[in-house]
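Take a look at the letters that make up each chain.
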Amino acid sequence: MPGPYSTHTTTDELVTDYAFLIKNKVILTTGVSSGSLGAFFVQSIAKAKPAWLILAARNADKLTQMAAEITKAQPEVKVRTLQVDLGSLKSVRDAAAQVNSWEDIPVIDVLVNNAGIMAVDYKLSPDGFESHLATNHLGPFLFTNLIMKKIVAVKEPRIVVVSSDGHRLNPFRFDDYNFDDGKTYNRWYAYGQSKTANMLFAISLAQKLGMKYNLQAFSLHPGVIWTNLGNHLDWNIEFGELRKADKSLGNREGWKEFDAKPLERGAATHIYAAFDPGLKANNGSYLLDCHVADPLVDTVKPWATSSFEAERLWQLSEKLVGQEFSS
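Keep in mind that this is a model prediction, so the values were computed, not measured.

1. Here we look at helix α4 (residues 89-101)
Here's step 1: Along its 13 residues, α4 runs 18 Å from first to last C-alpha, staying within 8% of the 18 Å computed at 1.5 Å per residue.
Here's step 2: Those residues of α4 that sit buried are Leu89, Ser91, Val92, Ala95, Ala96 and Val99. Along the axis of α4, the buried positions cluster into a sector of 155°, meaning they face one direction only.
Here's step 3: Lining the buried residues of α4 we find β1 (26-30), β3 (78-83), α5 (131-146), α6 (148-151) and α11 (307-321).

2. Focus on the side chain of Glu130
Here's step 1: Within the secondary structure layout, Glu130 lies in the loop between β4 (110-113) and α5.
Here's step 2: An unpaired buried charge is present at Glu130: no salt bridge exists, and Arg173, the closest side chain of opposite charge, is 8.6 Å distant.
Here's step 3: Discounting residues that sit within four places of it in the chain, Glu130 has contacts with Tyr122, Lys123, Leu124, Tyr177, Asn178, Phe179, Tyr185 and Ala190.

3. Some remarks on the nonpolar core
Here's step 1: Formed by 50 residues in total, the largest nonpolar core has its most connected members in Leu28, Phe143, Ile147, Ile159, Leu205 and Leu215.
Here's step 2: No other element matches helix α7 (residues 187-213), which puts 7 residues into this core.
Here's step 3: If we ignore the near neighbours within four places in the chain, the residues touching Ile147 are Leu28, Ala96, Val99, Asn100, Ile108 and Leu111.
Here's step 4: By size, the runner-up hydrophobic cluster in this structure holds 39 residues, among which are Val32, Phe41, Ile45 and Ala67.

4. Side note on the packing of α5 against α7
Here's step 1: Direction vectors running N to C along α5 and α7 enclose 20°, while the axes themselves pass 7 Å from each other. One element, α5, and the other, α7, form an angle in the roughly parallel class. For the pair formed by α5 and α7, the contact residues are His132, Leu133, Asn136, His137, Pro140, Phe141, Thr144 and Asn145 on the first element and Arg187, Ala190, Tyr191, Ser194, Lys195, Ala197, Asn198, Phe201 and Leu205 on the second.

5. Describing the packing of aromatic side chains
Two aromatic rings, taken as a pair, are described by how far apart their centres are and by the angle between their planes.
Here's step 1: Taken as a whole and judged by the stated rule, the model has 11 aromatic pairs.
Here's step 2: Taken together, a centroid distance of 5.0 Å and an interplanar angle of 65° make the contact between Tyr122 and Tyr185 edge-to-face. Of this pair, Tyr122 sits in the loop between β4 and α5 while Tyr185 sits in the loop between β5 (158-162) and α7, placing them 63 residues apart in sequence.
Here's step 3: Ring centres of Phe201 and Trp314 lie 6.1 Å apart, and the angle between their planes is 35°; this geometry places the pair in the tilted category. Taken together, the residues Phe201 in helix α7 and Trp314 in helix α11 connect sequence positions 113 residues apart.
Here's step 4: Given the relative accessible area of 2%, Phe201 is considered buried.
Here's step 5: For Trp314, a relative accessible area of 5% gives the class buried.
Here's step 6: What links up through ring pairs into an aromatic cluster is the set Phe141, Phe201, Trp314 and Phe325.
Here's step 7: Sitting above the plane of the Trp102 ring, Arg80 keeps its charged end 5.0 Å from the centroid.
Here's step 8: In this arrangement the basic side chain of Arg312 is found over the ring face of Phe174, its NZ or CZ atom lying 4.0 Å from the centre.

6. Digging into the sheet that holds β3
Across a sheet, strands are paired by hydrogen bonds formed along the backbone, either parallel or antiparallel in direction.
Here's step 1: Strands sit in the order β3-β2-β1-β4-β5-β6-β9-β10 across an open sheet of 8 strands; the sheet is mixed. At either margin of the open sheet sits one strand with a lone partner, and together these are β3 and β10 (291-292).
Here's step 2: On the sheet, α7 packs against β4, β5, β6 (216-221) and β9 (286-288) and is oriented at approximately 160° with respect to β6.

7. Comments concerning the environment of Leu279
Here's step 1: Position of Leu279 relative to the elements: it lies in the loop between α10 (268-275) and β9.
Here's step 2: Assessed through its relative accessible area of 1%, Leu279 is described here as buried.
Here's step 3: Considered as a pair, Leu279 and Ala293 are 14 residues apart in the sequence and their alpha carbons are 12 Å apart.
Here's step 4: Among residues more than four places away in sequence, those in contact with Leu279 are Arg158, Gln216, Phe218, Tyr272, Ala273, Leu287 and Val292.

8. Here we look at the pattern of salt bridges
Here's step 1: Under the definition given, this model contains 12 salt bridges.
Here's step 2: Measuring nitrogen to oxygen at the nearest pair gives 2.5 Å for the salt bridge that ties Asp121 to Arg187. A residue pair is termed long-range when its members are at least 10 positions apart, and Asp121 in the loop between β4 and α5 and Arg187 in helix α7 qualify at 66 residues.
Here's step 3: Lys261 is the partner of Asp289 in a salt bridge, and the nearest nitrogen-oxygen pair spans 2.7 Å. Here the residue Asp289 occupies a position in the loop between β9 and β10, and Lys261 occupies one in strand β8 (residues 260-261), the gap between them amounting to 28 residues.
Here's step 4: Taking the relative accessible area as the measure of exposure, Lys261 reaches 7% and is therefore buried.

9. Here we look at the environment of Pro171
Here's step 1: Tracing the sequence through the fold places Pro171 in the loop between β5 and α7.
Here's step 2: Spatially, the C-alpha atoms of Pro171 and Pro302 are 9.0 Å apart, while their sequence positions differ by 131 residues.
Here's step 3: Excluding residues that lie within four positions of it along the chain, Pro171 makes contacts with Gln193, Thr196 and Trp303.

10. Focus: the pairing of β5
Each regular strand displays side chains that alternate between the two surfaces of the sheet.
Here's step 1: With respect to burial, β5 is a largely interior element, 5 of its 5 residues being buried.
Here's step 2: Taking every second residue as pointing to the same face, both faces of β5 are buried, with Arg158, Val160 and Val162 on one and Ile159 and Val161 on the other.
Here's step 3: Of the strand pairs in this sheet, β4 and β5 are connected by 4 bridges, and their pairing is parallel. Paired with Leu111 across the strands is Ile159, a residue of β5.
Here's step 4: In terms of strand pairing, β5 meets β6 through 5 bridges, oriented parallel. Across the sheet, the residue bridging to Ile159 is Ala217, located in β6.

Rules of the game
- Residues numbered from 1 in each chain as written.
- Predicted model: local features only at pLDDT ≥ 70, side-chain atom pairs only at ≥ 80, totals over all residues.
- Heavy atoms only, no water.
- Helix = DSSP H or I, 4+ residues; strand = E, 2+ residues; numbered from the N terminus.
- Expected span 1.5 Å × (residues − 1).
- Buried < 20%, exposed > 50% of the residue type's maximum accessible area, 1.4 Å probe, protein only.
- Arc of directions from axis to C-beta.
- Contact = heavy atoms within 4.5 Å.
- Lys, Arg positive; Asp, Glu negative; His and termini not counted.
- Salt bridge = Lys/Arg side-chain N within 4 Å of Asp/Glu carboxyl O.
- Core = buried A, V, L, I, M, F, W, Y, C linked by side-chain atoms within 4.5 Å.
- Axes fitted to C-alpha atoms, helices over the stretch in contact; angles between N-to-C directions.
- Parallel < 35°, antiparallel > 145°, perpendicular 65-115°, else oblique.
- Phe/Tyr/Trp six-rings, centres within 6.5 Å; stacked < 30°, edge-to-face > 60°.
- Lys NZ or Arg CZ within 6 Å of the ring centre and 35° of its normal.
- Pairing = 2+ DSSP bridges.

Here it is as structure tokens:
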């Protein structure tokens with residue numbers, strides 16, 4: 001296998017190296033609106049001729065547009081769209097039921113939970129959860145588990161959960177995940193909590209389903225990339241707020257310059273996580289810059305890599321979505 005890969009590795013390099021692993025696979029990706037990391041990921045892997053690309057997003061028009069772009073560029077790749085609002089448990093259940101009803105797509109080789117929100121104003125989801133928690137964790141948790149039968153029907157299933165080094169900004173607040181009804185809300189702490197949850201979710205999936213179904217699960221940090229994720233923010237203000245949060249926690253990021261990546265480097269770790277054959281020994285790991293994160297060098301907080309915290313979160317998540325999932 002070519003490599004080693006680094007922060008400079010591009011999506012094109014990986015698609016070339018993994019073409020034989022991508023070919024004929026069924027890949028479901030959430031959050032694929034134009035200009036996003038998810039969109040760049042699916043457009044990149046389409047070149048390697050997967051059997052199906054299932055594109056999931058909240059906005060129907062953006063979905064149609066993305067499907068058309070892929071079909072135009074790669075006419076032989078079959079594309080299916082799925083409208084889902086991950087912030088609403090009802091929408092998630094409806095979308096999962098739709099996926100499960102597709103008889104012409106009996107299996108899913110790779111699920112990439114890519115959709116997310118970042119640093120939004122305090123708001124509750126329709127189910128009463130802080131919106132980062134709802135959209136970034138509870139929705140993907142429920143969706144993944146509801147379509148699990150199709151995932152574990154393949155020989156080597158893989159689940160990718162897009163997290164962030166933003167997990168450094170908050171551990172999971174088990175006894176106050178809604179920030180005292182918004183009274184103590186900080187948009188960066190809320191984002192951090194949800195990104196910690198993403199890492200813990202991948203650990204749980206690996207531990208619960210790894211041995212039984214040969215399932216591999218990974219979380220990742222794509223890097224700092226200017227996408228539509230932060231369009232709502234006034235960065236003149238928010239950079240200061242983010243630095244303040246980091247400094248108050250003693251994180252080196254409070255004093256560092258941000259090293260932004262272009263999309264073709266940003267989506268590379270998505271491809272690495274979804275297809276790299278050498279990751280088996282590191283099931284459940286958190287990845288960045290196309291390698292397994294090293295806590296001695298990379299930003300990796302112990303609260304996001306704890307099996308104990310992962311199990312606590314799994315049990316709480318089952319309680320919050322109102323459904324248990326046998327492992």
